[in-house]
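Each chain, letter by letter, is given below.
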Amino acid sequence: PRPGEQDLGVFEMWTCPCGREVKLALRRDHLRDDCAQYRRSLEASARKWLAAAEPSRAGDVSRRVAKEGGCTMGQALMALAATRRDGADAAVRRLKGEDFRDEMELAAEVVDIDGLLRKLPVARASTRKGER
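Report follows, based on the coordinates.

Conventions and cut-offs
- Residues numbered from 1 in each chain as written.
- Predicted model: local features only at pLDDT ≥ 70, side-chain atom pairs only at ≥ 80, totals over all residues.
- Heavy atoms only, no water.
- Core = buried A, V, L, I, M, F, W, Y, C linked by side-chain atoms within 4.5 Å.
- Buried < 20%, exposed > 50% of the residue type's maximum accessible area, 1.4 Å probe, protein only.
- Helix = DSSP H or I, 4+ residues; strand = E, 2+ residues; numbered from the N terminus.
- Contact = heavy atoms within 4.5 Å.
- Expected span 1.5 Å × (residues − 1).
- Arc of directions from axis to C-beta.
- Phe/Tyr/Trp six-rings, centres within 6.5 Å; stacked < 30°, edge-to-face > 60°.
- Lys NZ or Arg CZ within 6 Å of the ring centre and 35° of its normal.
- Axes fitted to C-alpha atoms, helices over the stretch in contact; angles between N-to-C directions.
- Parallel < 35°, antiparallel > 145°, perpendicular 65-115°, else oblique.
- Nonpolar A, V, L, I, M, F, W, Y, C, P; charged D, E, K, R; others polar.

With that settled, consider the nonpolar core. Ranked by internal contacts, the top residues of the largest apolar core, which has 34 residues, are Y38, W49, V65 and M78. For this core, the elements supplying multiple residues, two or more each, are α2 (36–52), α3 (55–69), α4 (73–82), α5 (88–95) and α6 (98–110). Excluding residues within four positions of it along the chain, V65 makes contact with G70, C71, A76, L80, A88, A91, V92 and L95.

So, about α3. Here α3 contains 15 residues, and its C-alpha end-to-end distance of 21 Å stays within 8% of the 21 Å for a straight helix at 1.5 Å per residue. Taken as a whole, α3 has its buried residues at A58, G59, V61, S62, V65, A66 and G69. Angularly, the buried residues of α3 cover 165 degrees about the axis, an arc narrow enough to put them on a single face. More than 90 degrees from the buried face of α3, the exposed residues found are S56 and K67. Just beyond α3, the residue with positive phi is G70, at close to 65 degrees.

Turning our eyes to something else, we now look at the packing of aromatic side chains. One pass over the full model with this rule turns up zero aromatic pairs. For the cation-ring pair, R27 lies above W14, with the distance from its terminal atom to the ring centre recorded as 5.1 Å.

All right, on to α5 then. Three or more residues of α5 are buried, namely A88, A90, A91, V92 and L95. Those residues of α5 that are buried are in contact with α3, α4 and α6.

This brings us to the environment of Y38. You can see Y38 is positioned in helix α2. As for Y38 and P17, which are separated by 21 residues in sequence, their C-alpha atoms are 8.1 Å apart. Sequence-distant contacts of Y38, that is, excluding residues within four places in its chain, are made with L31, E103, L106, A107 and V110.

The subject of this paragraph is the packing of α2 against α6. Two quantities define a packed helix pair, namely the angle between the axes and the distance from one axis to the other. Axis separation between α2 and α6 bottoms out at 10 Å; the angle between their running directions is 100 degrees. In this view, α2 runs roughly perpendicular relative to α6, as classed from their interaxial angle. Facing α2, whose interface residues are Y38, R39 and L42, α6 presents E103, L106, A107 and V110. Tallied by class, residues from the contact of α2 with α6 come to five nonpolar, no polar and two charged.

Now the structure itself:
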């Protein structure tokens, strides 16, 4: 970039863990629309958190993280999955960072959270009628 201009990374390339090389500016599109490996990884992570969470409290924990982290339930669930070894407080702390919150937003877009909750027996037990 010229002096005083910001480098937008328009021509920078990024290599996805699936092996595909894409322009950095198109990273989110690739992960959201094209990368089955990313989707499977996120779904597995969410399933692990849901399986390990106490069914009667999973919904309450997700709601608390969403409220304290200033994010959606989908972002909260994905943050809990990403920080499952460190607990809910770690998820809240990390969600305070804009980059992490943005990544959890993307993760929630990629994973059909409502669909995932409906598929998992443990998740059905963790939500009350009318709440998601």
